[in-house]
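Each chain is listed here by its residues.
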Number of protein chains: 2
Amino acid sequence: MARQIQKEIQRGVESWISLGNRRPHLSIILVGDNPASHTYVRKKIQAASAVGICSEIILKPKDVSQEELLYITDQLNMDPRVTGILVQLPLPGHVDERTVCNGISPEKDVDGFHIINIGRLCLDQHSLIPATASAVWEIIKRTGIKTFGKNVVVAGRSKNVGMPIAMLLHTDGEHERPGGSEIIWYLSFSAWLISLSIIPSSSIHVVANGDATVTIAHRYTPREQLKIHTQLADIIIVAAGIPKLITSDMVKEGAAVIDVGINYVHDPVTGKTKLVGDVDFEAVRKAASFITPVPGGVGPVTVAMLLKNTLLAARKVID
Amino acid sequence: MARQIQKEIQRGVESWISLGNRRPHLSIILVGDNPASHTYVRKKIQAASAVGICSEIILKPKDVSQEELLYITDQLNMDPRVTGILVQLPLPGHVDERTVCNGISPEKDVDGFHIINIGRLCLDQHSLIPATASAVWEIIKRTGIKTFGKNVVVAGRSKNVGMPIAMLLHTDGEHERPGGSEIIWYLSFSAWLISLSIIPSSSIHVVANGDATVTIAHRYTPREQLKIHTQLADIIIVAAGIPKLITSDMVKEGAAVIDVGINYVHDPVTGKTKLVGDVDFEAVRKAASFITPVPGGVGPVTVAMLLKNTLLAARKVID
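Rules behind the numbers
Residues numbered from 1 in each chain as written. Chains lettered and ligands numbered in written order. Predicted model: local features only at pLDDT ≥ 70, side-chain atom pairs only at ≥ 80, totals over all residues. Heavy atoms only, no water. Least-squares fit on C-alpha atoms with pLDDT ≥ 70 in both. Contact = heavy atoms within 4.5 Å. Core = buried A, V, L, I, M, F, W, Y, C linked by side-chain atoms within 4.5 Å. Buried < 20%, exposed > 50% of the residue type's maximum accessible area, 1.4 Å probe, protein only. Helix = DSSP H or I, 4+ residues; strand = E, 2+ residues; numbered from the N terminus. Salt bridge = Lys/Arg side-chain N within 4 Å of Asp/Glu carboxyl O. Polar contact = N/O pair within 3.5 Å; in protein donor to acceptor, adjacent residues only side chain to side chain. Pairing = 2+ DSSP bridges. Axes fitted to C-alpha atoms, helices over the stretch in contact; angles between N-to-C directions. Expected span 1.5 Å × (residues − 1). Buried area = accessible area lost by both parts, 1.4 Å probe.

(A) Focus on the relation of the copies chain A and chain B. After a rotation of 180° and a shift along the axis of 0.0 Å, chain A superposes on chain B with an RMSD of 0.0 Å. Here the transformation between the copies is reduced to the relation of a two-fold axis. A high fraction, 100%, of the interface residues of chain A reappear at the interface in chain B, so the copies pair face to face through one surface.

Have a look at this one:
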């Protein structure tokens, strides 16, 4: 699916350029030497390159001042060559992440973390949606999982992941909204690609999302209550950062399980560190009708959705 | 409780003025001749007057243009005499409510509907909170209803009521957030009043809120699913606009029920129109440990919280 989305974005980028527009350009600000952050940024750069989006990394030492970061974002905001800006989180403790996120111009804010983009998302208006939430949304849409009137549990309330997912899924599918605009964008963009004979019309599949009954659970939800809620759920989305938080006894037969967890655990057998999600995958896959693995599930789609945001920002379709 | 809050605000206003500050001033823009809107505005003006807040109504005919409304808000934004601005909703169909709400300067936006205030609320930052959500929060806080790890159902997903209530109640009670800042504000403001011997220290009761598991239900939640969720709930908050949506069989013994509904129904016995909420009050009160009536429950506290926002805006405590 990630590859499919990337292919669509690549075609979108080519069409955009063939109409005489400048190639989209993503600037990534990376602070310090956190190995995970460096890995993520490298993946983003590679993926951008693969779809024809220019990118650059602005690397700063971990003692960089907040003022300097704000000066950099200001420069990038004003630079017409730069269409998308991203500050890789987390930032060192002496820098206020919220201030830096708000320092990026909302229309170049491809992570969707600016307060205006969050406000627009929460008010069901067009916005650049945080890529992880957008990835979950896209997975649900493209696999045809029904959300209308369904019970959804979102385990995890982070502002970048759990909260926007809960927002997207409970709101009105008919309303002007990120979901709505996504679909409108997808349809109009697809219609445009079809009209240019870039993609065949048979490649369009749209399922309206949203209108689910959403339960937001988190660290203070008692385990037995979480189980009661997940057993009622048609869709379980987990972004808690706790390996094996969701076990097979917690999942209703036929439910969809989307695992957003990223946990590095020590494997006693191999002695190596391995990446696992928040779901007991092998056990839960037997009950679930649909499940995303970690690694290889939400992660690659998230990177693709970041690139889609970069294209959206370049096309300035979010006013 | 509304009277108690009003009394606190009145003392706050007096103290604020006694320190040499200008009296808070609320400007209300009222469009057209909707009788309910005129009634609400009258109540707000009366309550403002009772606590010593100046107010004015700017009355415009229902064919007023959006440009004129934005011109008026611009003038009020720049007027140092005006500390709070409110546009009574709903507006006529030819005016975009969102554009007008965003036309009010965020620090004078006592309704908390500006996109920056909504964004701040959703990001757990200090903000002016929409008065109805703030009223529900205050009722829970002052009656000592526990929210930590409890199950809450919010029935209704409106952007002015259901959504902000769900936001406040699921988030982290320890974090910088509207709840947290509320408590910090309340404590520091109370400490200040105590230090001035305006109120006795025995009048301070604080319960930290938030950290609840919150389920957002709405018109597309199937009735039997709503019942399953409400039966699990320790707190039920209803803002759906459907008389008798919540019946006694849906309520767990000992739950708290907060009714935000406002419905005008025809009474076949008296032949008159009467105001009712969304809860079958007489039946549900037997099961519930706590219940708010309509009229006389959330409504008066909402007006009080609007005045509190007006005082907060005048004191510019929200940066």
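Next comes the rest of the description.
(B) Layout of the nonpolar core. By size, the foremost hydrophobic cluster in this structure holds 117 residues, and its most contacted members are A:Cys122, A:Ile237, B:Cys122 and B:Ile237. By residue number, the principal contributor to this core is helix H11 (residues 298-315) of chain B, which donates 11 residues. Sequence-distant contacts of A:Ile237, that is, excluding residues within four places in its chain, are made with A:Val136, A:Ile140, A:Val152, A:Val153, A:Val154, A:Ala155, A:Ile165, A:Leu169, A:Ile258 and A:Val260.

(C) Spatial organisation of the pattern of salt bridges. Residue and element names in this part refer to chain A. Counted by the stated rule, this structure contains 26 salt bridges over all chains. One salt bridge connects Arg81 with Glu56, and the closest N-O pair in it is separated by 3.8 Å. With Arg81 in the loop between helix H3 (66-78) and strand E3 (84-87) and Glu56 in strand E2 (residues 54-60), the pair connects residues that are 25 residues apart, well separated along the chain. Among the residues examined, Arg81 registers a relative accessible area of 36% and is labelled partly exposed. Across the pair Lys60 and Glu68 runs a salt bridge whose closest N-O atoms are separated by 2.8 Å. Sharing partners across several salt bridges, the network here consists of Glu8, Glu138, Lys141, Arg142 and Lys308.

(D) Spatial organisation of the side chain of A:Thr230. Here A:Thr230 shows up in helix H9 (residues 223-232). Among the polar contacts made by the side chain of A:Thr230, one reaches the main-chain carbonyl oxygen of A:Met250 at a distance of 2.8 Å.

(E) Summary view of the sheet that holds strand E6 (residues 235-238) of chain B. Taken in spatial order, the 10 strands of this open sheet run E10(A)-E7(A)-E6(A)-E4(A)-E5(A)-E5(B)-E4(B)-E6(B)-E7(B)-E10(B), and their pairing is mixed. Both edges of this open sheet fall to strand E10 (290-291) of chain A together with strand E10 (290-291) of chain B, since each of them pairs with a single strand only. With 2 bridges connecting them, strand E7 (residues 256-259) of chain A and E10(A) associate as parallel partners. Within E10(A), the position partnered with A:Ala256 by the bridge is A:Phe290. Its contacts with the sheet place helix H6 (residues 131-143) of chain A against strand E6 (235-238), E7 and E10 of chain A, and it is angled at close to 150° to E7(A). Contacting strand E4 (151-155) and strand E5 (213-217) of chain A together with strand E4 (151-155), strand E5 (213-217) and E6 of chain B, helix H9 (residues 223-232) of chain B crosses the sheet at an angle of about 140° to E4(B).

(F) Expanded view of H6(A). Residue and element names in this part refer to chain A. Taking 1.5 Å of rise per residue, the 13 residues of H6 would be expected to cover 18 Å, and the 18 Å separating its terminal C-alpha atoms lies within 8% of that figure. Along H6, 11 of the 13 residues are buried, which leaves the element largely enclosed by surrounding structure. Among the residues making up H6, those that are buried are Ala131, Thr132, Ala133, Ser134, Ala135, Val136, Trp137, Glu138, Ile139, Ile140 and Lys141. Once H6 finishes, Gly144 follows within two positions and takes phi at roughly 75°, a positive value.

(G) Seen up close, the interface of chain A and chain B. Residue-level contacts link 35 residues of chain A with 35 residues of chain B. For the pair chain A and chain B, the two sides together bury roughly 3200 Å², of which 64% comes from carbon and sulfur. Where chain A packs against chain B, one counts 4 salt bridges. Across the pair B:Asp211 and A:Arg157 runs a salt bridge, and its minimum N-O distance is 2.8 Å. Inspection of the chain A/chain B interface yields 19 residue pairs in polar contact (both at pLDDT 80 or more).

The values are spatial; any link to function lies outside them.
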